[in-house]
Amino acid sequence: MIPSPATTDFRSKEFRYSSFFLTGLTGLATFLILAILVVILTNVVIHGLPGLSWRFVSTIPKKDLFDPATTGILPMIVGTTIRVFVMTIFVLPVGVITAVYLTEYAPNTSPVTKIIRAAVNNLAGVPSVVFGLFGLGFFINFVGKNLDLLLHNSYQAWGQPSLIWASLTLAVMTLPVVIVATEEALKAVPPGLREASLALGATKLKTIYKIVLPQALPGILTGGILAVSRAAGEVAPILFTGVAYYMSSLPTHLTDQFMDLGYHVFVLSTQSPNIDKTQPILYATVLVLLLLTFALNIVAILIRSNMRRKMRSLH
Amino acid sequence: MPEISLPKIVPVDMKSGGDAGGRSLITIDRLALYYGATKALKDISLNLGERVVTAFIGPSGCGKSTLLRCLNRMNDLIDNVRIEGAVKIGGHDIYSSDVDVIELRKRVGMVFQKSNPFPKSIFENVAYGLRLHGVKGKTDMEGAVEESLRGAALWDEVKDRLHASALGLSGGQQQRLCIARAIAIKPEIILMDEPASALDPIATARVEELILELKKDYTIVIVTHNMQQAARISDYTAFFYIGELVEFDATAKIFTNPACKQTEDYVTGRFG
């Protein structure tokens, strides 16, 4: 016989130090992250807002980049937006198709698959400036120059830094992000759905196209969002592949060079003849870069949630 | 899709000593299956009759599901699987090189243990297979979907919400939707892999009634862990143990007077 307890009091009699300590530690870590974010954001907003005006964001600077009264950042906003969009157009299909191959077709245990996976992971670890040099060496000096030769161009249309090469370089850089996110999304699709489709006599291609990919779409878009966030603020990969210090007009072709917000922040903070005078527009540019990244993310997130809602409600 | 197709499935007359209803539709001939080096099925020979329900029973890991998945070549999807021997349906070896697996799976439908409706509407779940096999036009499609849902005894429950998500159905309704989806493309054989194991007793009873109804038009092979279920719905029962066919006979005989001691121990619940 087990003696019945005298009381029904389940409260702990002793203080659990380890539990208290761990809760505190994890809380502190979270707080630290939040604090850093808040400090950066407040700093940028407080110093950036005064310099921000409609004139500033809608003006193409005519001669002096550093004069707060006349300069503007319209070409930089346009350049950054276009290069992110063009990058997305390239990176999503290539990344998704690679991930589909890796999860749906490649035999999991084969050495080739393992090598491809290792290559994808290593690609994610390559410093971004190396991607810039790769873009210069491969896209501009190899692909671009040969394209000019093939097309018998008398001038260098393709064999020079431009929007398209900068976007492609960024696409290569963000490829691992999209591949890994898509692979995770594909793996999360229940195997039973694939079996059901195949057992109905669907081909593997139809099964992937009609059943697997639609299910994985929100996850794939998450990969796209991560790629956009990563690429929007990157400067190193575009340094040798397309960004210009100054251009008097907006880019009109993919073979044009472009101005870029991130690079402009670098220019304002290192090339200014009078740091104190340019500080307000430097802060304002940083604020616009943050807002633009934020906006691009919001667009992607809206597309994703719209898709999720469609999938849930169905027709 | 290449237009290679199986000849129309015609049952062949059983050789002498046949047990399965006189006319045999599926002939499994010394079938062995290996997962890598492991022999999961050991030289199984079996004749399954047309328009009867054959149950595969046996303890977990005995190979009954593996054998079932040999009949529509679902095992092709697994790496490292090797098969010896032959599976003939209507006299034609389904593992011969000229067989189009797509066509085979159209003729040999399957219902899985875990109900797996597509995350689409009820209508689209049934229409998916129909569309794959060339049904076009709104009227034709709607007619075919209704017929299939009626065939799976689901029509009355879902006719007012055909375009609602299939995932909103109860477990039993989902499984009947999977059956509707399978019969929509008019297979000749339906394979069922423990179709009621995840259902409550009432939903199970409905699925069992449905199987008895479907037997009039289809040849059904069902894997089950539920002895009472096998006894209730099947005409023939095959008992497997560790990759071997122990006994195959009329269900009544298997459950009342089995030839093997092992079978008797299993069906009476003494092991397994």
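Here the residue numbers are simple positions, counted from 1 along each chain's written sequence. Naming scheme: in the order in which they are written, chains are lettered from A and ligands are numbered from 1. At least 70 in pLDDT is required for a residue's local features to be given in this predicted model, at least 80 for side-chain atom pairs to be given and counted, and no such filter applies to totals for whole chains, interfaces and linings, which use all residues.

Draft legend 1. How the structure looks around the overall build of chain A. Looking only at helices and strands, chain A has eleven helices and zero strands in total. Secondary structure is summarised from DSSP: a helix means a run of H or I of at least four residues, a strand means a run of E of at least two, and numbering begins at the N terminus for each. Listing every helix and strand of chain A by position from the N terminus yields α-α-α-α-α-α-α-α-α-α-α. Both definitions apply: the radius of gyration is a C-alpha atom measure, and the globule rule equals 2.2 Å times residues to the power 0.38. Radius of gyration (C-alpha) of chain A: 26 Å, far over the 20 Å computed for a compact globule of 315 residues. Projecting the C-alpha coordinates of chain A onto the three principal axes gives extents of approximately 95 × 60 × 45 Å. Our exposure labels follow a C-beta count within 10 Å of each residue's own C-beta, placed from the backbone: buried means 20 or more other C-beta atoms, exposed means 12 or fewer, and partly exposed covers the counts in between. Every one of the 315 residues in chain A was classed for burial, and the buried ones make up 34%. In chain A, the share of contacts with a sequence separation of at least 24, taken over all contacts with a separation of at least 6, comes to 77%. Think of it this way: build a C-beta for each residue from its backbone, and any pair within 7 Å is a contact.

Draft legend 2. Spotlight on the interface of chain A and chain B. Of the residues lining the interface, 18 residues belong to chain A; the matching set on chain B comes to 25 residues. Only helix 7 (191-199) and helix 8 (204-232) of chain A provide two or more residues apiece to the side of chain A that touches chain B. The element best represented in the side of chain A that touches chain B is helix 7 of chain A, accounting for six residues. Under the scheme applied, nonpolar residues are Ala, Val, Leu, Ile, Met, Phe, Trp, Tyr, Cys and Pro; charged residues are Asp, Glu, Lys and Arg; polar residues are all the others, including Gly. Along the lines of polarity and charge, the residues of the side of chain A that touches chain B split into eleven nonpolar, five polar and two charged.

Draft legend 3. Region of interest: helix 6 (residues 163-187) of chain A. Residues and elements named next belong to chain A. Any helix carries an expected span of 1.5 Å times its number of residues minus one. Taking 1.5 Å per residue as the helical rise, helix 6 with its 25 residues ought to reach 36 Å, and the 35 Å between its terminal C-alpha atoms agrees with that figure. Two axes enter the definition of the bend at a residue: one is fitted to the seven residues ending there, the other to the seven starting there, and the bend is the angle between them. A maximum bend of about 45 degrees is found in helix 6 at Thr174, where proline Pro176 lies one to four positions downstream. Counting buried positions over the 25 residues of helix 6 gives 21, a clear majority of the element.

Draft legend 4. View of the packing of helix 4 (residues 138-151) of chain B against helix 6 (residues 171-184) of chain B. All names here are of chain B. An axis is simply a line fitted to the C-alpha atoms; with a helix, the fit covers only the stretch in contact. Between two such axes, the angle follows the N-to-C directions and lies from 0 to 180 degrees. It is the contact of helix 4 with helix 6, at a shortest axis distance of 8 Å, that shows an interaxial angle of 125 degrees. Taken together, the axis directions place helix 4 and helix 6 in an arrangement best described as oblique. Two packed elements cross with a definite hand, and for helix 4 against helix 6 that hand is right-handed. Taking contact as the criterion, the partners of Ala144, Ser148, Leu149 and Gly151 in helix 4 are, on helix 6, Ala180, Ile183 and Ala184. Here the residues of the contact of helix 4 with helix 6 sort into five nonpolar, two polar and no charged. Working rule for angles: under 35 degrees goes down as roughly parallel, over 145 as roughly antiparallel, 65 to 115 as roughly perpendicular, anything else as oblique. In this scheme the handedness of a crossing depends on how the near helix is turned from the far one: anticlockwise by less than a right angle means left-handed, clockwise means right-handed.

Draft legend 5. Highlighting the sheet that holds strand 4 (residues 53-57) of chain B. All names here are of chain B. Pairing between two strands is assigned when DSSP locates at least 2 bridges connecting them. The six strands lie next to each other as 7-8-9-4-10-11, forming an open sheet whose pairing is mixed. Both outer strands of the open sheet, strand 7 (108-111) and strand 11 (244-250), are each paired with one neighbouring strand and no more. Each strand axis lies, on average, 15 degrees off the axis of its neighbour in the sheet, ignoring direction. Examined bridge by bridge, strand 7 and strand 8 (residues 189-193) share four bridges and lie parallel to one another.

Draft legend 6. Representation of the nonpolar core within the structure. By definition, a nonpolar core groups buried Ala, Val, Leu, Ile, Met, Phe, Trp, Tyr and Cys residues that are joined through C-beta atoms within 7 Å. By size, the foremost hydrophobic cluster in this structure holds 145 residues, and its most contacted members are B:Phe56, B:Ala180, B:Ile190, B:Leu191, B:Ile220 and B:Val221. With residues near it in sequence (within four places) discarded, B:Ala180 still touches B:Val126, B:Ser148, B:Leu149, B:Gly151, B:Ala152 and B:Leu154.

Draft legend 7. Here's a closer look at the environment of A:Met247. Residues and elements named next belong to chain A. Here Met247 lies in the loop between helix 9 (236-239) and helix 10 (261-271). Each C-alpha atom, one on Met247 and one on Met76, is 9.8 Å from the other, the two residues being 171 residues apart in sequence. In contact with Met247, not counting residues within four places along its chain, are Pro75, Gln257 and Met259.

Draft legend 8. Structural context of the confidence of the model for chain B. All names here are of chain B. Of all residues in chain B, 91% have pLDDT values of 70 or greater, and the mean over the chain is 88. Confidence of the prediction at every residue is given by pLDDT, a number between 0 and 100. Confidence over residues 1-20 falls short of pLDDT 50; this stretch has 44 contacts with residues more than four positions distant or in other chains. Both confidence scores are given for the complex: pTM 0.83, ipTM 0.87.

Draft legend 9. Structural view of the pairing of strand 8 of chain B. Residue and element names in this part refer to chain B. Of all five residues in strand 8, five are buried; the element is thus mostly enclosed. Here strand 8 shows no split at all, with Ile189, Leu191 and Asp193 on one side and Ile190 and Met192 on the other all buried. When strand 8 meets strand 9 (residues 219-223), the two strands line up parallel, connected through five bridges. Its bridge partner lying in strand 9, Ile189 is registered against Thr219. Taken together, strand 8, helix 7 (residues 201-214) and strand 9 constitute a β-α-β crossover, and its handedness is right-handed. Here the term right-handed applies to a crossover when the path leading from its first strand over the helix to its second strand runs clockwise, the strands being oriented away from the viewer.

Draft legend 10. Representation of the packing of helix 7 of chain A against helix 8 of chain A in the model. Residue and element names in this part refer to chain A. Contact geometry for helix 7 and helix 8: axes closest at 10 Å, N-to-C directions at 160 degrees. The orientation of helix 7 relative to helix 8 falls into the category roughly antiparallel. Remark: the crossing between helix 7 and helix 8 carries right-handed chirality. Facing helix 7, whose interface residues are Leu193, Arg194, Ser197 and Leu198, helix 8 presents Thr207, Ile211, Val212 and Gln215. Grouping the constituent residues of the contact of helix 7 with helix 8 by class yields four nonpolar, three polar and one charged.

Draft legend 11. Spotlight on the pairing of strand 2 (residues 23-35) of chain B. Residues and elements named next belong to chain B. With eight bridges connecting them, strand 2 and strand 3 (residues 38-49) associate as antiparallel partners. The residue bridging Tyr35 from the neighbouring strand is Thr38, located in strand 3. Between strand 2 and strand 3, which pair antiparallel in sequence order, lie two residues; one of them, Gly36, sits at a positive phi of approximately 60 degrees. Across eight bridges, strand 2 lies against strand 5 (residues 81-89) in antiparallel orientation. Looking at strand 5, one finds that Ile26 is bridged to Ile89.

Draft legend 12. Seen up close, the environment of B:Pro119. Looking at the element boundaries, B:Pro119 is found in the loop between strand 7 and helix 3 (122-132). Each C-alpha atom, one on B:Pro119 and one on B:Pro258, is 44 Å from the other, the two residues being 139 residues apart in sequence. Filtering out sequence-adjacent residues up to four positions away, B:Pro119 remains in contact with A:Gln215, A:Met311 and B:Leu167.

Draft legend 13. Structural context of unusual backbone geometry. All names here are of chain B. Residues other than glycine seldom take positive phi values, yet Arg30 does so here, at roughly 45 degrees. Mapped onto the elements, Arg30 comes out in strand 2. A positive phi is found at Ile242, a non-glycine position, where the angle reads about 40 degrees. For Ile242, a count of 13 C-beta atoms within 10 Å gives the class partly exposed.

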